[in-house]
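Below, each chain spelled out in residue letters.
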Amino acid sequence: DGLPVFTGVQTCQPGYATTLHWHPYVECLFVLEGSMEAWLDGEEARPALLSAGDMIALPACVPHRFRNAGDGTLRLLGIHSSPTRIVHRIED
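Residues numbered from 1 in each chain as written. Predicted model: local features only at pLDDT ≥ 70, side-chain atom pairs only at ≥ 80, totals over all residues. Heavy atoms only, no water.

**Student:** Would you mind going over the pattern of salt bridges in detail, with residue names and values included?
**Tutor:** On inspection of all chains with the given rule, the structure shows two salt bridges. One salt bridge in this structure joins E33 and R75, with 3.7 Å as the shortest N-O distance. With E33 in strand 3 (residues 27–33) and R75 in strand 8 (residues 74–80), this residue pair connects regions lying 42 residues apart in the sequence. Relative accessible area serves as the criterion here: at 34%, E33 is assigned to the partly exposed category. With a shortest N-O distance of 2.9 Å, E37 and R67 are connected by a salt bridge. Of the two residues, E37 is situated in strand 4 (residues 35–40) and R67 in strand 7 (residues 64–68); the sequence distance between them amounts to 30 residues. (Salt bridge = Lys/Arg side-chain N within 4 Å of Asp/Glu carboxyl O. Helix = DSSP H or I, 4+ residues; strand = E, 2+ residues; numbered from the N terminus. Buried < 20%, exposed > 50% of the residue type's maximum accessible area, 1.4 Å probe, protein only.)

What follows is the structure in structure tokens.
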């Protein structure tokens, strides 16, 4: 009755950034096009820089953010290790 993962392609324009949020499962982000910075809460000064072909695994229950790090379109494949997408946003 459904796969144990939820996937989706997200297209982000230049300047896009997520709010601080977390998921109750591991989330993998695979960059299809463009470049992205991603970081865990408290590690804003040391973001991971990813470009097309790169992937990052973000741990369960740890707040994180990502942003389009370039001046072109960022397209990424989000892989959620859950049959449904669950997002807990943290208000700034």
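**Student:** So, the side chain of S82: which residues are in play, and what are the values?
**Tutor:** As for its placement among the helices and strands, S82 is situated in the loop between strand 8 and strand 9 (88–89). A polar atom in the side chain of S82 sits 2.7 Å from the backbone oxygen of T84. Here S82 is in contact with P4, V5, F6 and Y25, once residues within four sequence places are set aside. (Polar contact = N/O pair within 3.5 Å; in protein donor to acceptor, adjacent residues only side chain to side chain. Contact = heavy atoms within 4.5 Å.)

**Student:** Got a sec to walk through the environment of R67? Specific residues and values, please.
**Tutor:** For R67, a relative accessible area of 30% gives the class partly exposed. Other than its neighbours up to four places away in sequence, R67 contacts Y16, A17, S35, M36, E37, W39 and L74.

**Student:** How would you summarise the sheet that holds strand 6 (residues 55–58) if you had to cite specific residues and measurements?
**Tutor:** For sheets, the rule is that strands pair by backbone hydrogen bonds, running either parallel or antiparallel. The four strands are arranged 1-8-3-6 in an open sheet whose pairing can be described as antiparallel. Edge positions in the open sheet fall to strand 1 (6–12) and strand 6, since each of these has one partner strand only. Direction aside, neighbouring strands of the sheet carry axes that sit 20° apart on average. For strand 1 and strand 8, the ladder comprises seven bridges, and the chain directions are antiparallel. Considered in strand 8, the bridge of Q10 is made with L76. (Pairing = 2+ DSSP bridges. Axes fitted to C-alpha atoms, helices over the stretch in contact; angles between N-to-C directions.)

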